[in-house]
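Now for the letters of each chain:
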Amino acid sequence: MLSSTNNSISAVHLTSNIRQTIVAVLSVTFGISMYVFMNSFMTGVNKSQSDLAFSTLAHVRVYNDGPKDNTNLLSGHLSNNQLVNIRNAKLIQYTDGIKNTKGIIALLQHQPEATGVAAQVNINVFFRAGATKVNGILSGVEVENENRLFGTAKFVTQGNWGNLQYRTDGVIIGSGLAKNLSLKVNDNLNVLTGDGVSKNFKIIGIFETSIAGVDKTKAYLNIASARQLLLKNQDYVTDIMMNVKDYNLSSIVAKKLAPQIPYKVESWQMANGQLEAGSSLRDIIAKAVSLTILLVAGFGIYNIMNMTVNQKIREIAILKAMGFSGTDVTQIFLTQALVIGCVGGLAGMMLGYLVADAVNHIPFKIAGLSTLPMAYEQKDYVMAFVFGIITTFIAGYLPARKASKIDPVTIIRG
Amino acid sequence: MTTNIALRATNISKFFYQPEKFKVLKDVSFDVQKGEFLTLIGKSGSGKSTLLYVLSTMDTDFEGELEINGVSLKHKTQNELSAFRNEHIGFVFQFHYLLTEFSALQNVMLPALKLGKKSKEEIEHKAYEHLEMLDLKQQALKPANRLSGGQQQRVAIARALINDPSIIMGDEPTGNLDSKNTKVVFDIFKQLARQNGQTIIAVTHDDDFALNSDRVIELSDGCLLSSHTLHKHGF
Ligand SMILES: Nc1ncnc2c1ncn2[C@@H]1O[C@H](COP(=O)(O)OP(=O)(O)O)[C@@H](O)[C@H]1O
Ligand SMILES: [Mg+2]
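All values reported here derive from a predicted model rather than from experimental measurement.

## Notes on the overall build of chain B
Secondary structure assignment for chain B yields 7 helices and 10 strands. Relative to a compact globule of 235 residues, whose C-alpha radius of gyration would be 18 Å, chain B shows 17 Å and is just as compact. Overall, the C-alpha framework of chain B stretches about 45 × 40 × 40 Å when taken along its three principal axes. Relative to its 235 residues, chain B shows a buried fraction of 51%. Sequence separation of 24 or more characterises 67% of the internal contacts of chain B that already satisfy a separation of 6 or more. On chain B, roughly 10600 Å² of surface is accessible, and the fraction owed to carbon and sulfur atoms is 48%. Each charge sign in chain B was given a centre, from 27 positive and 29 negative side chains, and these centres are 2 Å apart.

Shown next, in the form of structure tokens:
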């Protein structure tokens, strides 16, 4: 039970040495604001990194990962006393691409986590313009779906993404590719497939994702034109891309889908381990730095509370002589610590927001960014406050317990 | 008959171990009647303050038995003793000991607020009455550290009285007071003993003060020397 008498004693203690109280509050404010800022910054960095990565990368990708290992065709068919000699074995029939695409797309679209599904026909080709030849990927896409998943339209710097829908002879190529081939919009681009088919396309747009590897090697065209180029039917697809609500859960979705689909189902984490490692490491650094700052702030409060208890040792003895119990004394000092923690915590959340907002305005023009990235998530603020209160509670509890154990006679006797 | 006994000390002994083992109190035994005004005298260093701390339940490191209002206090926990002191014992320390960050009025009110048996308004009203009785009404709202030594001592006396404790103990409660205020305090104590049946145990160096009390007991080197009944107390 909280006693109002104890609370009013706490209030007198807090206000009678206001400067000391302010210093304690400021140390909490500083700790919490740094926690908020560090975590908002790291969340912001991670978000901008994933936005960048997911401009070409799907959360989950379904594809045919090639023929199975056929180097030992007869294993399992032979008994020990048989000898067989096969030379120069060749695969004479192999289906690439995905069969039964409609069924798989329908399955993916019915997943509750799904936010979008897009089919692609990706072809390894040589792009040729005059004497220059560049190896790259021609990506046949469902124009609308592709944009829904990757926001491709916003990377198109010249021309219009939507035109791909109607221009069966049109391609939109990466800025790096255009530069290497010395091509611009309305120029012709020759494409040579692995099967030796050659065809001319018209460049109707240029895109730039700011990922050099993509910009230098990729070109988009309508999925129907891609099928035509390969002489495939209307069902032919090499990759099915799927996005889910929370990309952190992609692996789980992929695992769930794998047994239902006879092709490789791969989450972005499997395909790009380094991306996930990078974002986890940044998270760990942010947590470590901010918890260290909170710990230092905690030490500050501990010191101040300890000092207060030492200064008030005589007062504590008198309170106990008058009939206040050890529990009352603990309560009196713990209340002070918690008031300091709450006031410092609220101020810290505000200061943290202001610092984050200021840093968010610092120009930073690299890789598609214009200012330093920043996230404003309720979770970061709540966590900062909770950690702040826990820290002050512990930092206040130790001196408070010491105060409660003071033996009044020893002090009063002198 | 224990019903009339406010306090019973039986064979109380106490040692100090610093700087060396030393017996301060040696088998002290005595009874104090309800409503009795007892004074404790003795040379400086004879153990008066030490005995008073034992009787007040603050010092629990002693041998022997202590009973107040028929309750044995030997095996109570610190928190139980705190609660017991709060309700039954008022104490005036040798060196006044007020809470300096609080006003005189707040100092007087605190034990009653802790006890929590009356409303804040009642407590404040009663605290004002006590301060007025000790000629401190003008000082009520001043912070305790702005008061003179004598004023602080009188505030401490007002504080000891606020919960109407059955026993009031004072360690030279008039040590800092002029003769006029000493007389005021003496009269208050006498009146509390006579009219309310509250028991007073006061250490004093003031012969007049001692000689006008009901009974004087003298301590010498930790031994109880003599007990003189001067006035038969009663209602
Ligand atoms: N904390 C202590 N440690 C050791 N000796 C003490 C302590 N307090 C008091 N004494 C000694 O105990 C004796 C009694 O002290 P005290 O009760 O204060 O005497 P009085 O109040 O009668 O003057 C003295 O000899 C004093 O020096
Ligand atoms: Mg003394």
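Read on, since the account is not over.
## Regarding the domain arrangement of chain A
How large an interface is tends to be reported as the accessible area lost when its parts come together. Residue and element names in this part refer to chain A. Assigned domains within chain A: domain 1 (2-53 + 276-413) and domain 2 (60-68 + 95-271). Placing a centre on the C-alpha atoms of domain 1 and another on those of domain 2 gives a separation of 51 Å. Each side of the interface is counted separately: domain 1 has 5 residues, and domain 2 has 6 residues. Linking domain 1 with domain 2 are 0 salt bridges.

## Points about the coordination of the magnesium ion (ligand 2)
Surrounding the magnesium ion (ligand 2) are the protein donor atoms Ser49(B) (OG) and Gln94(B) (OE1), at 2.0 to 2.8 Å. Residue Ser49(B) is found in helix H1 (residues 48-55), and its partner Gln94(B) is found in the loop between strand E6 (89-92) and helix H3 (104-115); the two are separated by 45 residues along the sequence.

## A word on the nonpolar core
A general feature of soluble globular proteins is that nonpolar side chains tend to end up buried together. Membership of the largest hydrophobic core comes to 71 residues, with the highest contact counts inside it found for Phe333(A), Leu7(B), Phe30(B), Leu55(B), Met169(B) and Ile201(B). In this structure Phe333(A) touches His13(A), Met305(A), Thr308(A), Val309(A), Lys312(A), Ile316(A), Ala400(A) and Ala403(A), once residues within four positions along its chain are discounted.

## Observations concerning the sheet that holds strand E2 (residues 22-33) of chain B
Residue and element names in this part refer to chain B. The antiparallel open sheet is built from 4 strands, whose spatial order is E2-E1-E4-E5. A single partner strand is all that each edge strand has here, and the edge strands are E2 and strand E5 (71-72). Where strand E1 (residues 5-16) meets E2, 8 bridges bridge the pair, whose relative direction is antiparallel. If you follow Ile5 over to E2, its bridge partner there is Gln33.

## Topic: the layout of surface pockets
Picture a little ball the size of a water molecule; that probe, rolled over the atoms, points out where space is still empty. Residues and elements named next belong to chain A. There is about 950 Å³ of room inside the largest pocket. Among the secondary structure elements, those contributing two or more residues to the lining of the largest pocket are helix H2 (18-53), strand E1 (60-63), strand E2 (114-129), helix H6 (212-215), strand E9 (239-244), strand E10 (264-267) and helix H9 (268-271). If one sorts the elements of the lining of the largest pocket by residue count, E2 sits on top with 4 residues. Across the lining of the largest pocket, the residue classes tally to 16 nonpolar, 14 polar and 7 charged. Shared between two domains, the lining of the largest pocket holds at least three residues of each, these being domain 1 (2-53 + 276-413) and domain 2 (60-68 + 95-271).

## What to know about the packing of helix H10 (residues 273-311) of chain A against helix H11 (residues 313-321) of chain A
In helix packing, the relevant descriptors are the interaxial angle and the interaxial distance, both defined with respect to the helix axes. All names here are of chain A. Direction vectors running N to C along H10 and H11 enclose 60°, while the axes themselves pass 4 Å from each other. For the pair H10 and H11, the contacting residues are Val309, Asn310 and Gln311 in the first and Ile313, Glu315 and Ile316 in the second. Grouping the constituent residues of the contact of H10 with H11 by class yields 3 nonpolar, 2 polar and 1 charged.

## Concerning a nonpolar patch on the surface
Residue and element names in this part refer to chain A. Together, Val382, Val386, Ile390, Phe393, Ile394, Tyr397 and Leu398 give the surface a local cluster of nonpolar side chains, amounting to about 580 Å² of exposed area. Checked against the element boundaries, Tyr397 lands in helix H13 (residues 378-404). Judged by its relative accessible area of 32%, Tyr397 falls in the partly exposed class.

Thresholds, definitions, all that
- Residues numbered from 1 in each chain as written.
- Chains lettered and ligands numbered in written order.
- Predicted model: local features only at pLDDT ≥ 70, side-chain atom pairs only at ≥ 80, totals over all residues.
- Heavy atoms only, no water.
- Helix = DSSP H or I, 4+ residues; strand = E, 2+ residues; numbered from the N terminus.
- Rg over C-alpha atoms; globule rule 2.2 N^0.38 Å.
- Buried < 20%, exposed > 50% of the residue type's maximum accessible area, 1.4 Å probe, protein only.
- Contact = heavy atoms within 4.5 Å.
- Areas by Shrake-Rupley, 256 points an atom, 1.4 Å probe, with all protein chains shown as cover.
- Lys, Arg positive; Asp, Glu negative; His and termini not counted.
- Charge placed at Lys NZ, Arg CZ, Asp CG, Glu CD.
- Domains from an automatic or database assignment.
- Salt bridge = Lys/Arg side-chain N within 4 Å of Asp/Glu carboxyl O.
- Donors = N, O, S within 2.8 Å, 3.2 Å for Na, K, Ca; no water.
- Core = buried A, V, L, I, M, F, W, Y, C linked by side-chain atoms within 4.5 Å.
- Pairing = 2+ DSSP bridges.
- 1 Å grid on protein atoms, 1.4 Å probe; cavity = no way out; pocket = protein on both sides within 12 Å on 5 of 7 lines; lining within 4 Å.
- Points joined across faces, edges and corners; volume = space filled by probe spheres on them.
- Nonpolar A, V, L, I, M, F, W, Y, C, P; charged D, E, K, R; others polar.
- Axes fitted to C-alpha atoms, helices over the stretch in contact; angles between N-to-C directions.
- Patch = residues over 30% accessible without salt bridge, like charges linked within 9 Å, V, L, I, M, F, W, Y side chains within 5 Å.

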